Amino acid sequence: MRNGGPTAYDASDAHQAGKRPPRRGTAPASRPPGSDDLDGRDPRIVGEVAERTAELMIRSGIPPMMARVLAALLTTDGGSLTSAELVRRLQVSPAAISKAVGYLENQKLLRRERDSRSRAERYVADEDIWFEAVMASVRVDLQIAEVCREGARRLGGTTPAGARLEGMGQFLQRVSEDLARSAEHWREVYARDGQPPSPPA
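Now for a description of the structure that goes with this document. (Residues numbered from 1 in each chain as written. Predicted model: local features only at pLDDT ≥ 70, side-chain atom pairs only at ≥ 80, totals over all residues. Heavy atoms only, no water.)

### Section: the overall build of the protein
Part 1 of the reasoning: Regarding its fold elements, the protein presents eight helices and three strands.
Part 2 of the reasoning: When the helices and strands of the protein are read in sequence order from the N terminus, they spell out α-α-α-α-β-α-α-β-β-α-α.
Part 3 of the reasoning: The buried share among the 201 residues of the protein stands at 29%.
Part 4 of the reasoning: Within the protein, contacts between residues at least 6 apart in sequence are counted, and of these 52% link residues at least 24 apart.
Part 5 of the reasoning: Surface accessibility of the protein: about 14200 Å² in total, with carbon and sulfur atoms responsible for 53%. (Helix = DSSP H or I, 4+ residues; strand = E, 2+ residues; numbered from the N terminus. Buried < 20%, exposed > 50% of the residue type's maximum accessible area, 1.4 Å probe, protein only. Contact = heavy atoms within 4.5 Å. Areas by Shrake-Rupley, 256 points an atom, 1.4 Å probe, with all protein chains shown as cover.)

Here is the structure:
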């Protein structure tokens, strides 16, 4: 309609008009989606940090939408957002948020809590999520280790298949136990000191 309407439209003229820069007006620029939830920070910087964080999570195996939701939570000062705030910030449907939240909750990467000011649920990614995620992974790996060692006993430790399963079981058990001890140690250090220790030079 801006280029002649149904009776006078000309494709060439419309194409040329589309190539011209938009006219500058006095109306204020619209705020980026979800900018009210960014704790007063520059939306572009927050978006860049969240996007980079999500990209690395995707490379580690987290599905894209789940990674975007988790990155959005991690880049808020409060570490929590409601479903409506996530919808506004990520410009996706409530159903997509609900599915992502379900996945992340199952992986122990977030928890739910009731918003004290409303009936809405808030999704929280706090300082303990990585410890809980590591411990959840450890529990699964220990179960796999036990299944492998049980399979080795049933197949016979002297058979190639039995020896293979026994080796896998022992490896997973020892690595998982070491990982659990390390996670518990560093959780205590962080809790005692109130901040992460400096990495070695």
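So much for the structure itself; the text now carries on.
### Re the side chain of Thr 75
Part 1 of the reasoning: You can see Thr 75 is positioned in the loop between α4 (64-74) and β1 (80-82).
Part 2 of the reasoning: If we skip the residues at most four places from it in the chain, Thr 75 touches Arg 41, Val 46, Val 49, Ala 50 and Arg 89.

### What about the sheet that holds β1?
Part 1 of the reasoning: Strands sit in the order β1-β3-β2 across an open sheet of three strands; the sheet is antiparallel. Of all the strands in the sheet, just β1 and β2 (111-114) have a single pairing partner and so form its edges. Strand-to-strand twist of the sheet, defined as the mean angle between neighbouring strand axes without regard to direction, takes the value 35°.
Part 2 of the reasoning: In this structure, β2 lies alongside strand β3 (residues 121-124), joined through four bridges in antiparallel fashion. Its bridge partner lying in β3, Glu 113 is registered against Arg 122.
Part 3 of the reasoning: Those strands touched by helix α5 (residues 83-90) are β1 and β3, and its axis lies near 90° from that of β1. (Pairing = 2+ DSSP bridges. Axes fitted to C-alpha atoms, helices over the stretch in contact; angles between N-to-C directions.)

### Structural notes on the nonpolar core
Part 1 of the reasoning: Counting residues in hydrophobic clusters, the biggest one holds 25 residues, and the most contacted among them are Val 69, Leu 86 and Ile 97.
Part 2 of the reasoning: Of all the secondary structure elements, the ones that give two or more residues to this core are α3 (43-59), α4, α5, α6 (94-106) and α7 (129-155).
Part 3 of the reasoning: Ranked by residue count, the leading element in this core is α4, at seven residues.
Part 4 of the reasoning: Among all residues touching Leu 86, those that are not within four sequence positions of it are Val 69, Ala 72, Leu 81, Gln 91, Ile 97 and Tyr 123.
Part 5 of the reasoning: Among the nonpolar cores identified, the runner-up in size contains five residues, and Phe 131, Val 138, Ala 180 and Ala 183 belong to it. (Core = buried A, V, L, I, M, F, W, Y, C linked by side-chain atoms within 4.5 Å.)

### Considerations on the pattern of salt bridges
Part 1 of the reasoning: Taken as a whole and judged by the stated rule, the model has 11 salt bridges.
Part 2 of the reasoning: In this structure, Arg 111 and Glu 113 form a salt bridge, with 2.9 Å as the shortest nitrogen-oxygen distance.
Part 3 of the reasoning: The class of Arg 111 is partly exposed, set by a relative accessible area of 37%.
Part 4 of the reasoning: Here Glu 113 falls in the partly exposed class, since its relative accessible area comes to 32%.
Part 5 of the reasoning: Note that Glu 146 is salt-bridged to Arg 153, the shortest N-O span being 3.3 Å.
Part 6 of the reasoning: Members of the salt-bridge network, linked through shared partners, are Glu 105, Arg 112 and Glu 121. (Salt bridge = Lys/Arg side-chain N within 4 Å of Asp/Glu carboxyl O.)

### Thoughts on the packing of aromatic side chains
Part 1 of the reasoning: Throughout the structure, instances matching the rule amount to zero aromatic pairs.
Part 2 of the reasoning: Directly above the ring of Phe 131 sits Arg 187, whose terminal nitrogen or CZ lies 4.0 Å from the centroid. (Phe/Tyr/Trp six-rings, centres within 6.5 Å; stacked < 30°, edge-to-face > 60°. Lys NZ or Arg CZ within 6 Å of the ring centre and 35° of its normal.)

### Section: α6
Part 1 of the reasoning: Compared with the 18 Å implied by 1.5 Å per residue over 13 residues, the 18 Å span of α6 between its first and last C-alpha is a close match.
Part 2 of the reasoning: Turning to α6, its buried residues are Ile 97, Ala 100, Val 101 and Leu 104. One face of α6 carries all of its buried residues, which in axial projection span an arc of 105°. Exposed residues on α6 whose side chains face more than 90 degrees from its buried face are Ala 95, Lys 99 and Asn 106.
Part 3 of the reasoning: The elements touched by buried residues of α6 are α4, α5, β2 and β3.
Part 4 of the reasoning: Looking one or two residues beyond α6, the residue adopting positive phi is Lys 108, at roughly 65°. (Expected span 1.5 Å × (residues − 1). Arc of directions from axis to C-beta.)

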